[in-house]
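Residue-level structure breakdown
Each chain, letter by letter, is given below.
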Amino acid sequence: MRIDVINPNTTAAMTAAIGRAAEAVAAPGTRIVARQPAFGAPSIEGHHDEAWAAAGVATEVRAGQSEGADAFVVACFGDPGVAAAREVATGPVLGIAEAAFHCASMLATGFSVVTTLTRTCTIAEHLVVQHGFERRCRGIHGTDIAVLDLDDPASDAYVRIRAAARDALQRDRSGAIVLGCAGMADWCRRLQQDLGVPVVDGVAAAVKLAEALVTLGLGTSKHGDYAPPLPKAYAGLAAPYGPGPVRA
Ligand code: 5HY
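Residue positions within a chain follow its written sequence, with the count starting from 1. With pLDDT at 70 or above as the cut-off, local features in this predicted model cover only qualifying residues; side-chain atom pairs require 80 or more to be listed or tallied, and sums for whole chains, interfaces and linings still use all residues. Side-chain numbers here rest on the full set of heavy atoms in the structure, without hydrogens or water.

Here we come to unusual backbone geometry. Positive phi, close to 55 degrees, is recorded for Asp144, a residue that is not glycine. Although it is not a glycine, Arg173 adopts a positive phi angle of roughly 55 degrees. Numbering of helices and strands runs from the N terminus; a helix is a DSSP stretch of H or I covering at least four residues, while a strand is a stretch of E covering at least two. Secondary-structure assignment places Arg173 in the loop between α6 (157-172) and β7 (176-179). Residue Arg173 is classed as exposed on the basis of its relative accessible area, which comes to 63%. Relative accessibility thresholds used throughout: buried, under 20% of the residue-type maximum; exposed, over 50%; partly exposed, between the two (1.4 Å probe, protein chains only).

Shown next as structure tokens:
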């Protein structure tokens, strides 16, 4: 099977790291295609970034669908564009936040999220409510590390994230940690060893859940609001991306 893993931001180094994290857990018969939009924000750290990211995700899913992708992962913790992507795709479309919430909920009675900028915690809170995890998510904590500073040694990001996770486990009385950024995927196993609790990276979780759904012969429902977009001519900047046949 083919799973397209979309980094909704435009930072190629992050796309490559996300692709590696996906390939590290993919089954032997799964081909991972890591991709990113040609336009948008270099990092997604708020509602305005997310608005453009959602459009970028929709364009990448439309392209991947025409290339025969069996499933899609939206590898940004805000899950931007997942609903629109589900209209376009026939296979499963999983956002890394939703996937991580499900996995963490099967491992502990309560989990905590540790993410980047505190201002993005509200976006995660919206996702918790949207997906019905209010009773399982016991806290969402920012570290005020910018997304693109995660791999800068000067940010001391790993130590700060580990400290925030330790504090969250105590303060929230939670039993598992969800990593609140696709850029934290590489630290998942190390954090799990250091903390002694399950640590869920949404990229890996989404890839394995997507594999499971495809293997079960399950795809996105086309009955209801995930039916294909209604054919219409889009104008201006969006003109090439309107519903209907993929742009040549
Ligand atoms: C992400 N932003 O996973 C989110 C993390 C965040 O560019 N990739 C981004 O802070 O919401």
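More follows now that the structure is in view.
A separate point is the sheet that holds strand β5 (residues 111-115). Ordered by their spatial adjacency, four strands build an open sheet running β6-β5-β7-β8, and the pairing between neighbours is parallel. At either end of the open sheet lies a strand with only one pairing partner, and these are β6 (137-142) and β8 (199-200). Strands were regarded as paired on the criterion that DSSP finds at least two bridges between them. Relative to β8, β7 runs parallel, the two sharing two bridges. Following the sheet pairing, Val178 is matched in β8 by Val200.

Another aspect to go through is α6. Here, expected helix span is obtained from the residue count minus one, scaled by 1.5 Å. Taking 1.5 Å as the rise per residue, α6 with 16 residues should run 22 Å; its terminal C-alpha atoms sit 21 Å apart, in good agreement. For α6, the complete set of buried residues consists of Ala157, Tyr158, Ile161, Ala164, Ala165, Ala168, Leu169 and Asp172. Taken around the axis of α6, the buried residues stretch over an arc of 140 degrees, which confines them to a single face. Exposed and oriented more than 90 degrees from the buried face of α6 are Gln170 and Arg171. The arc in question is formed by the directions pointing from the helix axis toward the C-beta atoms.

Here we come to the side chain of Thr220. Topologically, Thr220 is positioned in the segment after α8 (202-215). As used in this structure description, the phrase polar contact means that two N or O atoms lie within 3.5 Å; if the pair is within protein, one of them must be able to donate a hydrogen and the other to accept it, and residues adjacent in sequence are counted only when both atoms belong to side chains. Here Gly91 takes part through its backbone oxygen, which lies 2.7 Å from a polar atom of the side chain of Thr220.

Further remarks concern the site of the ligand. Any residue with a heavy atom lying within 4 Å of a molecule or strand is counted as near it. The immediate surroundings of the ligand are formed by Asn9, Met14, Ser43, Ile44, Cys76, Phe77, Thr116, Thr120, Val147, Gly180, Cys181 and Ala182. Ile44 places a polar main-chain atom, nitrogen or oxygen, 2.7 Å from a nitrogen atom of the ligand. At 3.0 Å from an oxygen atom of the ligand is found a main-chain nitrogen or oxygen belonging to Phe77. Accessible areas in this description were obtained via Shrake-Rupley with a 1.4 Å probe; residue shielding takes into account the shown protein chains only. Protein contacts shield 97% of the accessible area of the ligand, which totals 300 Å² for the unbound molecule.

Next up on the list: the side chain of Thr116. Following the sequence through the fold, Thr116 ends up in the loop between β5 and α5 (121-130). On the basis of relative accessible area, Thr116 is assigned to the buried category, the value being 3%. Each residue touching Thr116, except ones within four places of it in the same chain, is listed here: Gly142, Thr143, Asp144, Ile145, Val147, Leu150, Cys181 and Met184. When checking whether two residues touch, look at their non-hydrogen atoms; a contact exists if any pair is within 4.5 Å.

To continue, consider the packing of helix α4 (residues 96-105) against α8. Two elements in contact, α4 and α8, have axes separated by 8 Å at closest approach and are oriented at 85 degrees. When the interaxial angle is binned, α4 and α8 end up roughly perpendicular. Seen from α4, the contacting residues are Ile96, Ala99, Ala100 and Cys103; seen from α8, they are Gly202, Val203, Ala205, Ala206 and Leu209. In this classification, the charged set is Asp, Glu, Lys and Arg, the nonpolar set is Ala, Val, Leu, Ile, Met, Phe, Trp, Tyr, Cys and Pro, and all remaining amino acids, among them Gly, are polar. Taken together, the residues that form the contact of α4 with α8 break down as eight nonpolar, one polar and no charged. Between the N-to-C directions of two axes lies an angle of 0 to 180 degrees, each axis being a line fitted to C-alpha atoms and, for a helix, fitted only over the stretch in contact. Here is the rule for angles: anything less than 35 degrees is roughly parallel, anything more than 145 is roughly antiparallel, 65 through 115 is roughly perpendicular, and the remaining ranges are oblique.

Bringing the pairing of β7 into the picture now. Of the two faces of β7, the one holding Ala176 and Val178 and the one holding Ile177 and Leu179 are both buried throughout. With four bridges connecting them, β5 and β7 associate as parallel partners. By the bridge assignment, Val114 is partnered in β7 with Leu179. Viewed along the sheet, the connection from β7 through helix α7 (residues 188-195) into β8 turns out right-handed. A crossover gets the label right-handed when its path from the first strand over the helix to the second runs clockwise, viewed with the strands pointing away from the viewer.

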